[in-house]
Amino acid sequence: MSVCCCGSTDSVRLVHGSSLCSGRLEVRSNQSWFSVCEEDLDLNDTQVVCRELGCGAPGLLQGALYGEGEAPVWTSELQCEGNESAVLDCRRSSSAGKTCSPGTAVGLTCSGGVRMVGQPSHCAGTLEIQHQGQWRPVQDYDGDWDLKSGSAVCQYLDCGSAVSVNRTDDSADRRVWLVSVPCVKLTSGLRDCVGLYDSYTDSSGVEVVCSDLLPQPNISLSDGVFGVYQQGFWVLVDSDFTITCSVRPQYPGGSFQLISDTKKPLNLTLPAVNHSAHFLLSSMGYAHRGNYTCVYHVDVYNHSFSSSQS
C-alpha cells in the first residue's frame, strides 16, 4: 500500500511538494503515472494543470525542482489551449521512445490563490490574495505582520521561510483584503483567513522576502566530452573541459560556486557574467571522477542568498 501526500485528481498530480499546489508533475495514462519533461510543458499547459487541481495561477516551473522521481517518462506532449478545465480535455501529440535528460522532470508551483508581485522572483514582493475571484493586496494598517506570519506565506508558496517582512504604503487608497494575522500563523489555508469586508480600502500593504529566493542553477559540460550517458558524461583522461554554471536572469551580479565530491575535491568560485560562469578544468585524471554541483550566490534586499545545489 502506498500513500501520496500530494495535490491530485484522476488524471494529474503534484508530488513531493510542500503543499497541495506544488510538486513534481505527473500525469495518469492507462492506469499508470508518468513524469513530464520540462521542455514539453508551456504556460497554457500549466494553467490547465493548476486549474484542474483547484489551485491559483501557475508560478515557478523548473526541471528537477522536486527530484527526478521513479515514474517513467510520459511519451505524449500536452497541447492545451489554456482554457480547458482538465488535462484530459487537451490535445496531445505522441513522441514514442522519448526520454528526459537528467534534471528535466518538471516541477510546478501553482499560486493557490496567494502570490507575491512586483519583484523578479515569485518568492519576494507585495503579498496579494485571490478571494471571491479578485486579486487584491493584503493590508497591514496596524503593522501586525511579522516573520512568523510571513513564513507561513513563504511555506505556502514553497519558498522556505521569511527573511524580512515590511509594511508598505501606496500613494493612494485601493481595495485590499483584511487578513487575520493570528489565523495565518495557525493554519495553512491562507485564504480562509480573509475577512468578510468586501469594500475596504487602504494604502498599506505587506512586502515579504523568502529564504528560497533563487532558482536552482543549471550545470553543463563542454569540450573534452568523449561520451554521454544517463547519469553524466565520459571525458578523456588528461583532457581539458569546461563546466558551465548558469541561472535564469533574475538579479544582476552574484557568483557561482563549483563543488565536487571527488578524491581531489574542488571548491571554486567565479563571478557571474551574464548570469553564468565557465570553469575551465585542465588535465583531469581519475582522481577527478565524481559529482559536480553548482551553487549561485547573490546579495539582494540587504541579505545574502544562496541557491540549492544543481
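Residues numbered from 1 in each chain as written. Predicted model: local features only at pLDDT ≥ 70, side-chain atom pairs only at ≥ 80, totals over all residues. Heavy atoms only, no water.

Per an unreviewed UniProt entry, the protein carries the name SRCR domain-containing protein and comes from Sphaeramia orbicularis. Comment text from UniProt for the protein, heading Subcellular location (unreviewed entry), reads "Secreted". (UniProt positions renumbered as here; feature names shortened; annotations may be inferred.)

**Focus on helix H2 (residues 147-156)**
Counting buried residues along H2, 7 of its 10 residues qualify, which places the element largely inside the surrounding structure. If you check which residues of H2 are buried, you get Ser149, Gly150, Ser151, Ala152, Val153, Cys154 and Tyr156. Residues of H2 that are buried make contact with strand E9 (114-117), strand E10 (124-131), strand E12 (162-175), helix H3 (181-186) and strand E13 (201-210). Trailing H2 by a residue or two, aspartate 158 shows a phi angle of about 60°, which is positive. (Buried < 20%, exposed > 50% of the residue type's maximum accessible area, 1.4 Å probe, protein only. Helix = DSSP H or I, 4+ residues; strand = E, 2+ residues; numbered from the N terminus. Contact = heavy atoms within 4.5 Å.)

**A few points about the sheet that holds strand E20 (residues 276-281)**
Spatially, E14-E17-E20 is the arrangement adopted by the 3 strands of the open sheet, whose pairing is antiparallel. With partners counted over all chains shown, the strands left at the sheet margins are strand E14 (218-222) and E20, one partner each. Averaged over all neighbouring strand pairs, the angle between strand axes comes to 20°, with direction disregarded. Sheet topology note: the strand E17 (residues 241-246)/E20 ladder contains 6 bridges and is antiparallel. The residue bridging phenylalanine 241 from the neighbouring strand is leucine 281, located in E20. (Pairing = 2+ DSSP bridges. Axes fitted to C-alpha atoms, helices over the stretch in contact; angles between N-to-C directions.)

**What to know about empty space enclosed by the protein**
For the structure on display, the rule yields 1 cavity of 30 Å³ or more. One number sums up the size of the largest cavity: a volume of about 30 Å³. Its residues assigned to classes, the lining of the largest cavity comprises 4 nonpolar, 1 polar and 2 charged. (1 Å grid on protein atoms, 1.4 Å probe; cavity = no way out; pocket = protein on both sides within 12 Å on 5 of 7 lines; lining within 4 Å. Points joined across faces, edges and corners; volume = space filled by probe spheres on them. Nonpolar A, V, L, I, M, F, W, Y, C, P; charged D, E, K, R; others polar.)

**Some details on the pairing of strand E11 (residues 134-137)**
Direction of pairing for E10 relative to E11: antiparallel, over a ladder of 4 bridges. Counted as the bridge partner of histidine 131 is glutamine 134 from E11. What sits between the antiparallel neighbours E10 and E11 is a turn of 2 residues, in which glutamine 132 has the positive phi angle 55°.

**Remarks on the sheet that holds strand E19 (residues 267-271)**
Taken together, 4 strands build an open sheet; the order of strands is E19-E18-E21-E22 and the sheet is antiparallel. Of all strands in the sheet, those with a lone pairing partner are E19 and strand E22 (303-306), marking the two edges. Ignoring strand direction, the axes of neighbouring strands in this sheet form an average angle of 20°. The sheet contact formed by strand E18 (residues 255-260) and strand E21 (residues 292-300) spans 6 bridges and is antiparallel. Residue pairing for E21: phenylalanine 256 is matched across the bridge by tyrosine 296.

**Here's the deal with the packing of aromatic side chains**
Taken as a whole and judged by the stated rule, the model has 2 aromatic pairs. Judged by centre distance (5.9 Å) and plane angle (85°), the ring pair of tyrosine 251 and tyrosine 301 falls under edge-to-face. With a gap of 50 residues between them, tyrosine 251 in the loop between E17 and E18 and tyrosine 301 in the loop between E21 and E22 connect regions that are remote in the sequence. The exposure class of tyrosine 251 is buried, given its relative accessible area of 6%. Classification of tyrosine 301 by relative accessible area gives partly exposed; the value is 25%. On the numbers, 4.9 Å between centres and 35° between planes, the contact of phenylalanine 256 with tyrosine 296 is tilted. Taken as a pair, phenylalanine 256 in strand E18 and tyrosine 296 in strand E21 lie far apart in primary sequence, 40 residues in all. Like tyrosine 296, phenylalanine 256 is buried. (Phe/Tyr/Trp six-rings, centres within 6.5 Å; stacked < 30°, edge-to-face > 60°.)

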